[in-house]
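Topology and contacts: notes
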Amino acid sequence: AASCKGLSRHRPKGTFTRLDIMENIIKSSIMSDSKGNIDPEKGSINDTHASIAAMNSVSRVECHQKKKRKKRNPYGNWKKKRSEAGEKIDPNKGTRRKQEPGELKLPHTGSYADQNMQELFQVSLPDNLPDEIKVTKRKVALLIAYLGTNYSGFQINEKQRTIQAEIELALYKARLLQKSNFGFPHKYSWSTSGRTDKGVHACAQVCSTKLEIGEITGDEVRERINLELPKDIVVLDVKRTTRNFCAKTGRSRVRYQYMIPSYIFFPDVEKMFEESGIGSNRCPRDPLADNEVKTLRAKLKNYRVSPEQFESLQCALKQYQGTHTYHNFTRRMEPGDKTAPRYIIEFIAKKPVIRKDGTEWIPTLVLGQAFLLNQIRKMIALACDVVGERATLDTMKYALSKEAKVRVPIAPAEGLFLDMSVYDGYNERKNRTSDLAEDLDWINQEGSQVMQNWETFKESVVQQKIVDQETEEGNFIKYLYTQINIFDSEAAYKTND
């Protein structure tokens with residue numbers, strides 16, 4: 001009876017709880033006769049307390065079942081609500097269709113295992129593959145380099161030609177994936193260190209997956225995959241990893257490279273546009289005609305960056321090092337957003353390089369933990385405006401502050417590519433738990449065959465592609481015109497003193 005009163009101590013006066021009613025019923029049934037008089041032979045007060053305690057325990061369980069508390073799943077996230085049919089309910093996307101018993105599972109609509117993708121891109125699957133023999137699956141890391149020009153980004157996507165779809169097809173043709181797994185990336189634990197957008201290149205994209213390789217070596221696996229890949233995608237290395245390795249979550253740092261043509265810093269460029277007969281009233285999306293690009297390129301290609309400009313660029317890039325808030329350097333992010341702070345380990349400009357066509361390019365390297373969408377391109381754009389005296393170092397510091405709202409321009413995507421992925425944290429953990437897995441330490445393997453292939457692909461394929469693309473399209477010349485004649489830097493960079 002005391003425990004019952006404890007549960008109902010918060011009820012309003014004059015009301016009765018379920019436990020009060022049960023207490024009265026038990027007392028009357030145990031210690032009273034048919035007329036309501038106390039009968040000692042029917043039980044004692046101790047028996048009454050025991051019965052009330054038992055009923056109290058049952059009532060607690062029933063109350064707990066009716067009012068379930070919100071629980072977390074094994075990953076620490078809140079469990080999603082489910083409908084009566086067991087389907088996950090997303091208030092933003094509606095109810096997911098439940099798969100019927102015995103229904104055939106369909107492959108990903110962005111995979112070449114899908115019939116529509118095969119017809120759209122005229123891909124034919126091999127019919128003469130030998131019978132499948134089950135081989136032990138091994139978790140591996142693939143170091144991949146590619147040109148993104150002919151693809152709609154890296155990640156697999158419906159009705160789009162993607163790099164992931166090409167790699168999956170090559171794995172299937174090389175008999176490293178079973179037919180039952182082809183088109184179902186989750187079945188072979190596919191993960192990538194990062195996603196690149198449409199047209200963006202990479203020299204060191206890392207992917208983790210389970211392949212049926214048995215005991216064959218990583219070099220043999222690499223050769224078998226490369227035989228089935230298109231020429232603009234190449235696997236540079238294959239390494240055994242621990243079973244729980246994930247390329248996305250295991251990455252410690254990532255390094256990107258952005259190539260800047262020196263004529264971006266051409267002095268008195270506004271006067272040059274006027275002398276070339278190019279006015280200021282142009283469409284921002286396509287401001288220059290092809291013949292105008294060629295005319296301007298002939299005047300700009302022999303320009304060399306001055307020592308003062310190079311030093312100014314180094315000083316501007318150094319402002320990004322450390323932890324700052326980058327809500328002004330991405331899309332649709334307001335001041336105070338919790339995902340805005342980013343840690344930049346290093347941002348430097350390397351010695352300018354003169355390419356075969358006579359133009360000078362400045363390679364810049366940025367090393368950090370993770371980057372926001374368009375962050376690097378906007379960082380480059382603001383640094384270039386500082387060198388061109390359209391902005392100041394104080395403007396940069398203000399744009400990196402927590403509460404500032406600054407409109408930062410965006411540099412062309414054609415100069416950016418993923419340079420290297422680093423897995424220091426994984427290597428330390430792996431050395432304590434596994435002897436069979438290999439270190440993912442490509443950055444410190446200078447002189448190895450893998451790094452020689454990586455350097456060759458970077459210089460001869462990726463960087464040369466960036467130079468050739470600029471020669472054909474003039475994206476940086478168009479960007480320079482936009483910055484001078486269309487973008488209002490004075491209004492955009494205005495600070496609140």
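The notes below deal with the structure included here.

About the cut-offs
Residues numbered from 1 in each chain as written. Predicted model: local features only at pLDDT ≥ 70, side-chain atom pairs only at ≥ 80, totals over all residues. Heavy atoms only, no water. Phe/Tyr/Trp six-rings, centres within 6.5 Å; stacked < 30°, edge-to-face > 60°. Helix = DSSP H or I, 4+ residues; strand = E, 2+ residues; numbered from the N terminus. Buried < 20%, exposed > 50% of the residue type's maximum accessible area, 1.4 Å probe, protein only. Core = buried A, V, L, I, M, F, W, Y, C linked by side-chain atoms within 4.5 Å. Contact = heavy atoms within 4.5 Å.

1. What about the packing of aromatic side chains?
Within the structure shown, the criterion is met by 16 aromatic pairs. Measuring from centroid to centroid gives 4.4 Å for Tyr172 and Phe182, while their planes differ by 0°, and the two rings are stacked. Residue Tyr172 is located in helix H5 (residues 163–173), and its partner Phe182 is located in the loop between H5 and strand E4 (191–192); the two are separated by 10 residues in the primary sequence. Using a relative accessible area of 6% as the deciding quantity, one classes Tyr172 as buried. Look at Phe182 and you get buried, because its relative accessible area is 5%. Measuring from ring centre to ring centre gives 5.3 Å for Tyr326 and Phe329, while their planes differ by 70°; the resulting arrangement is edge-to-face. For Phe329, a relative accessible area of 0% corresponds to the buried category.

2. Details of the nonpolar core
Across soluble globular proteins, nonpolar side chains have a tendency to be buried as a group. Membership of the largest hydrophobic core comes to 112 residues, with the highest contact counts inside it found for Ile167, Ile225, Phe265, Tyr320, Phe329, Ile380 and Leu382. With 9 residues, the top contributor of residues to this core is helix H10 (residues 375–387). Discounting residues that sit within four places of it in the chain, Ile380 has contacts with Tyr258, Ile260, Leu317, Phe347, Thr364 and Ala411. With 7 residues, the next largest nonpolar core counts Tyr112, Met117, Tyr172 and Phe182 among its residues.

3. Some remarks on the environment of Ile477
Position of Ile477 among the secondary structure elements: in helix H14 (residues 475–485). Apart from residues no more than four positions distant in its own chain, Ile477 is found in contact with Tyr263, Leu288, Val293, Leu296, Arg297, Leu300 and Glu470.

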